[in-house]
Protein chains: 2
Amino acid sequence: MTQLLRSWVESANAAETDFPLNNLPYGSFVTPQTSRRCGVAIGSQILDVSALEQVGLLDLPQDNVFAEGTWNRFMALGPQHWAEFRAFLTDALGDGSPRQGDLQKHLVPMARAAMEMPFTVTEYTDFYAGRHHAFNVGSLFRDPANALPPNWLHMPIGYNGRASSVVVSGTDVIRPNGQLKSPDMDAPVFGPSKRFDMELEMGAIVGTPSDGPITVQQADDMIFGYVLLNDWSARDIQAWEYAPLGPFQAKATATTISPWIVTKAALEPFRTSTPPREKELLPYLREPGPMLFDIELEVGLAPEGKPETILSRTNYSEMYYSAAQQLAHHASSGCPMRVGDLLGSGTISGPEKQNRGSLLELSWGGREPLTLNSGETRTFLEDGDTLTLRGAARGDGFRIGFGACRGKILPARDLP
Amino acid sequence: MTQLLRSWVESANAAETDFPLNNLPYGSFVTPQTSRRCGVAIGSQILDVSALEQVGLLDLPQDNVFAEGTWNRFMALGPQHWAEFRAFLTDALGDGSPRQGDLQKHLVPMARAAMEMPFTVTEYTDFYAGRHHAFNVGSLFRDPANALPPNWLHMPIGYNGRASSVVVSGTDVIRPNGQLKSPDMDAPVFGPSKRFDMELEMGAIVGTPSDGPITVQQADDMIFGYVLLNDWSARDIQAWEYAPLGPFQAKATATTISPWIVTKAALEPFRTSTPPREKELLPYLREPGPMLFDIELEVGLAPEGKPETILSRTNYSEMYYSAAQQLAHHASSGCPMRVGDLLGSGTISGPEKQNRGSLLELSWGGREPLTLNSGETRTFLEDGDTLTLRGAARGDGFRIGFGACRGKILPARDLP
């Protein structure tokens, strides 16, 4: 299925839409007239599946799957129902479908809708599994010869993040206050982060629960879909707080995700392998097949009232560990995984400077300011800056897009 | 209220019950005849408040507060309703109450009930805020002169734990598998943890949400109650995985809590201050009054089929940071806090060897095995061991107890 599938929704057949019939990503939206609904993106339209359920046009094994306007209950139905529902949508939205008349009245123009969180995040885990990012950060804070921590090539290093801080694209991000102490200071001060940064990541969403160790294949089967993810990070808060228990308040302000869950099913044609192993992995982490995806990614920065500059372009296939490997590692201690768990990939930097996925790397720790198209320079984010992540897998004449993952930086709160 | 309040439930007036009328802790239980219910402990009995709600004996602002058998909806009603409900219970269960006839038929003997998780854990955070524990661990892994990390006296160091792994007392704990690598090994192996440990902690439960920074006083007001908490820890998995992002699979197997939420209201007579500051705290972390509690704690270990040995006795007042300070720090970046969030205090060791709250400290990294009453020795936990935490605040002729916090170690799962 690497050819465009044609839909009777004309805008879905345009070459540069994020949402052709091949995609069919899942989101949550409101309009001035309607409460929160589950919707499927198709071209410039959203198919209101909460309405379809209400009027009895869906064949689902339970009532009220879409009544709350989030996708958690649907995920909990399991992989067979995921496949059947996708087959129904592909058929019903396809060119010449006899269902066009029924469905057309439940299309909502995207321009009239505001997007909400597509699912309730149960728990959020973030990884550090990009080889180039880990090398860059290790080179910055240690030295290039000892850039990778000793464990790094043996396991996907991760930490538990804060689910309450995950927000949908379009939500403003207030610059955090926190404890700051540079090495030349005797004691910390409390104030606004001066090194507030973004991290270009992908997020994987767990759709099937587990209660014990799982294989990498089982982990891949459990993943429902993917989103773009910006792991906002206060580098100065992190530098002072992180030893010995890891990042905490540095990563708790916000994590922004794109509004559409692109299903694993839509990404199947774009599977690709992780890079060659530099050290052999333990058996529980070995992949039985390709479990990454070829997804082009970019990040743009627009200062307040100014045009955007693309800061970086990279690809999800740069990851050293796939989400399936991360999930298998996550469950290896017996940690129960649940429907709605979100796994951040870690920053996805590529091999060259123009492929770096964070300002920490792009400005090399603040020592090499970037010049924007507007002539301004940046080391870290300034108030009023808008960051936008974009991503797409490219087929023959179509793209599987994620929609924008955007956030604007507001000034820090007054101190108490 | 440091005198015993007398109840018409006679067992609640016994000197050594955990559950006099002064306590009234909240739990969740099932019996062979009934589904999951909310209950209040009184002497050897449980008052079935889900049943009281059903028959219309409670005056609550919403329907179905106790219908699910967890205390989250009640917590969400807010502090005024917490106080009103406690006043109702204190009156209705008091000696000579005219409500005795109505309530008596809704008492369930504890011996007939099995306890469930008293609340749904929204997110779980664990701290490292005991001065003696941090000194001991720092002395073991570094040296006594540099035992405390530089940030330790300036902030309560914490990390996000895994809410899905929190279980109620009585749940068996399966020894985790994980990556193990001692310094003399070339590469890690995957297998059962050989240094599986307990940590004696208290847990604080957030009952009121916040969405932005809060003061320490506001944080104290937000706390609904406290439980005993055992943060099971695989020291060998942690040693290899923790740099640079902190503990992950080492702490994801299980965290056990006691079955009864002892309310902050019940603990009010036992408030005490944190120890003197060794360095002045930043204003956002300063306490306006005493926010710790004088709670005696102990941990016992019983090998399979053998009597128990008390390993350690300590007191919650040994903490350097209170739960209110931890919560204020947690929210300082703008991190949203929610009803049902659980905050582990960190290991509560006292100044002497017999006050240490983990086997890591008690056996000094495994180098000084403990001898049990049975004649066996222990460095870390063995399969079949049952660990029990107990705790109580002591008034004049009564105690505010938590019930046991117990878990038995089962052998690791077979490797895949």
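Residues numbered from 1 in each chain as written. Chains lettered and ligands numbered in written order. Predicted model: local features only at pLDDT ≥ 70, side-chain atom pairs only at ≥ 80, totals over all residues. Heavy atoms only, no water.

Enquirer: Let's hear about the overall build of chain A: which residues, and what values?
Expert: Across its full length, chain A holds 10 helices and 27 strands. In terms of overall size, chain A behaves like a compact globule, its C-alpha atoms giving a radius of gyration of 21 Å where 416 residues would be expected to give roughly 22 Å. Oriented by its inertia axes, the alpha-carbon framework of chain A measures out at about 70 × 50 × 40 Å. For chain A, buried positions account for 63% of its 416 residues. Put simply, 72% of the contacts in chain A that link residues at least 6 apart link residues at least 24 apart. Only carbon and sulfur atoms are counted for the fraction: they give 50% of the accessible area of chain A, which is about 14700 Å². Computed over 35 positive and 48 negative side-chain charges, the separation of the two mean positions in chain A equals 3 Å. (Helix = DSSP H or I, 4+ residues; strand = E, 2+ residues; numbered from the N terminus. Rg over C-alpha atoms; globule rule 2.2 N^0.38 Å. Buried < 20%, exposed > 50% of the residue type's maximum accessible area, 1.4 Å probe, protein only. Contact = heavy atoms within 4.5 Å. Areas by Shrake-Rupley, 256 points an atom, 1.4 Å probe, with all protein chains shown as cover. Lys, Arg positive; Asp, Glu negative; His and termini not counted. Charge placed at Lys NZ, Arg CZ, Asp CG, Glu CD.)

Enquirer: Could you give me a rundown of the interface of chain A and chain B, with the residues and numbers involved?
Expert: Each partner contributes residues to the interface: chain A has 56 residues there, and chain B has 56 residues. Between chain A and chain B, a total of about 5100 Å² is buried, with carbon and sulfur atoms accounting for 59% of that surface. Contact with chain B buries surface across chain A, with Arg162, Leu245 and Phe248 of chain A losing the most and accounting together for 16% of the total. Across the chain A-chain B interface, the total number found is four salt bridges. (Buried area = accessible area lost by both parts, 1.4 Å probe. Salt bridge = Lys/Arg side-chain N within 4 Å of Asp/Glu carboxyl O.)

Enquirer: An account of the sheet that holds strand β2 (residues 34–42) of chain A is needed here, citing residue identities and associated values.
Expert: Residues and elements named next belong to chain A. Reading across from one edge, β4-β3-β2-β1-β5 is the order of the five strands in this open sheet, with antiparallel pairing throughout. Each having just a single partner strand, β4 (107–109) and β5 (114–116) make up the two edges of the open sheet. Each strand of the sheet is rotated relative to its neighbour by a mean of 50 degrees, with strand direction disregarded. Here strand β1 (residues 26–31) runs beside β2; their pairing, made up of five bridges, is antiparallel. Across the sheet, phenylalanine 29 pairs through a bridge with arginine 37, a residue of β2. (Pairing = 2+ DSSP bridges. Axes fitted to C-alpha atoms, helices over the stretch in contact; angles between N-to-C directions.)

Enquirer: Tell me about the UniProt feature "binding site: Ca(2+)" (unreviewed entry) in chain A, and name the residues and values.
Expert: All names here are of chain A. Under the local residue numbering, the UniProt record ascribes the feature "binding site: Ca(2+)" (unreviewed entry) to Asp126, Glu199, Glu201 and Asp231. In sequence the annotated residues extend across 106 residues, while in space they remain close, none of their C-alpha pairs exceeding 11.1 Å. Considering the arrangement of structural elements, one finds aspartate 126 in strand β6 (residues 124–127). When neighbours within four sequence positions are excluded, aspartate 126 is seen to be in contact with Gly158, Tyr159, Gly161, Glu199, Glu201, Asp231, Lys251, Gly344, Ser345 and Gly346. Among the secondary structure elements, glutamate 199 is positioned in the loop between β12 (196–197) and β13 (200–206). In contact with glutamate 199, other than residues within four places in its own chain, are Asp126, His133, Leu229, Asn230, Asp231, Ser233, Arg235, Lys251, Thr347, Gly357 and Ser358. (UniProt positions renumbered as here; feature names shortened; annotations may be inferred.)

Enquirer: Pulling in residues and values, what's your account of the environment of cysteine 38 of chain B?
Expert: Take cysteine 38 of chain B: it is sitting in strand β2 (residues 37–42). Spatially, the C-alpha atom of cysteine 38 of chain B lies 6.0 Å from that of phenylalanine 66 of chain B, the residues being 28 residues apart in sequence.

Enquirer: Residues and numbers for the domain arrangement of chain A, please.
Expert: Residue and element names in this part refer to chain A. Once the domains are mapped, chain A shows domain 1 (10–116) and domain 2 (124–410). Between domain 1 and domain 2, the contact holds 26 residues from the first and 26 residues from the second. Together domain 1 and domain 2 conceal approximately 2000 Å² of surface at their shared face, both sides included; 66% is due to carbon and sulfur atoms. Among the residues of domain 1 in contact with domain 2, Tyr26, Met75 and Trp82 are the three that bury the most area, contributing 28% of the side total. Taken together, the connections running from domain 1 to domain 2 amount to three salt bridges. Glutamate 16 is the partner of arginine 399 in a salt bridge, and the nearest nitrogen-oxygen pair spans 3.6 Å. Seen at the junction of domain 1 and domain 2, the total is five residue pairs in polar contact (both at pLDDT 80 or more). Only β1, β2, α2 (72–76), α3 (79–92) and β5 provide two or more residues apiece to the side of domain 1 that touches domain 2. Broken down by element, the residue count for the side of domain 1 that touches domain 2 peaks at four residues, all from α2. Its residues placed into classes, the side of domain 1 that touches domain 2 shows 16 nonpolar, six polar and four charged. (Domains from an automatic or database assignment. Polar contact = N/O pair within 3.5 Å; in protein donor to acceptor, adjacent residues only side chain to side chain. Nonpolar A, V, L, I, M, F, W, Y, C, P; charged D, E, K, R; others polar.)

Enquirer: So, the relation of the copies chain A and chain B: which residues are in play, and what are the values?
Expert: For the match of chain A to chain B, the screw axis carries a shift of 0.0 Å, the RMSD comes to 0.0 Å, and the turn is 180 degrees. The relationship between the two copies is best expressed as a two-fold rotation axis. Considering only C-alpha atoms, the residue of chain A closest to the rotation axis is glycine 246 of chain A, which sits at 2.1 Å. The residues that chain A uses at the interface reappear at the interface of chain B in 100% of cases, marking a shared surface. (Least-squares fit on C-alpha atoms with pLDDT ≥ 70 in both.)

Enquirer: Summarise the sheet that holds β2 of chain B; cite the residues concerned and give the values.
Expert: Neighbouring strands of a sheet are bound in pairs by backbone hydrogen bonds; such pairs are parallel or else antiparallel. All names here are of chain B. Taken in spatial order, the five strands line up as β4-β3-β2-β1-β5 in an open sheet, and their pairing is antiparallel. On the outer flanks of this sheet lie β4 (107–109) and β5 (114–116), each paired with one strand and no other. Between one strand axis and the next, the sheet turns through 50 degrees on average, direction left out of account. Note: strand β1 (residues 26–30) against β5, three bridges, orientation antiparallel.

Enquirer: So what about the packing of aromatic side chains? Which residues, and what values?
Expert: All names here are of chain A. Taken as a whole and judged by the stated rule, the model has 46 aromatic pairs over all chains. Where tyrosine 226 meets tyrosine 316, the ring centres are 6.0 Å apart and the plane angle is 65 degrees; that geometry is what we call edge-to-face. With a gap of 90 residues between them, tyrosine 226 in strand β14 (residues 223–231) and tyrosine 316 in the loop between β21 (309–315) and α9 (323–330) connect regions that are remote in the sequence. For the pair formed by tyrosine 226 and tyrosine 316, the shared burial category is buried. Aromatic rings pair up to connect Tyr26, Phe66, Trp71, Phe74, Trp82, Phe85, Phe88 and Phe224 into one cluster. (Phe/Tyr/Trp six-rings, centres within 6.5 Å; stacked < 30°, edge-to-face > 60°.)

Enquirer: Explain the environment of asparagine 136 of chain A to me, and be specific about the residues and the numbers.
Expert: Residue and element names in this part refer to chain A. With respect to the helices and strands, asparagine 136 occurs in helix α5 (residues 131–141). Assessed through its relative accessible area of 8%, asparagine 136 is described here as buried. The spacing of asparagine 136 and proline 156 is 20 residues in sequence and 17 Å in space, taken between C-alpha atoms.

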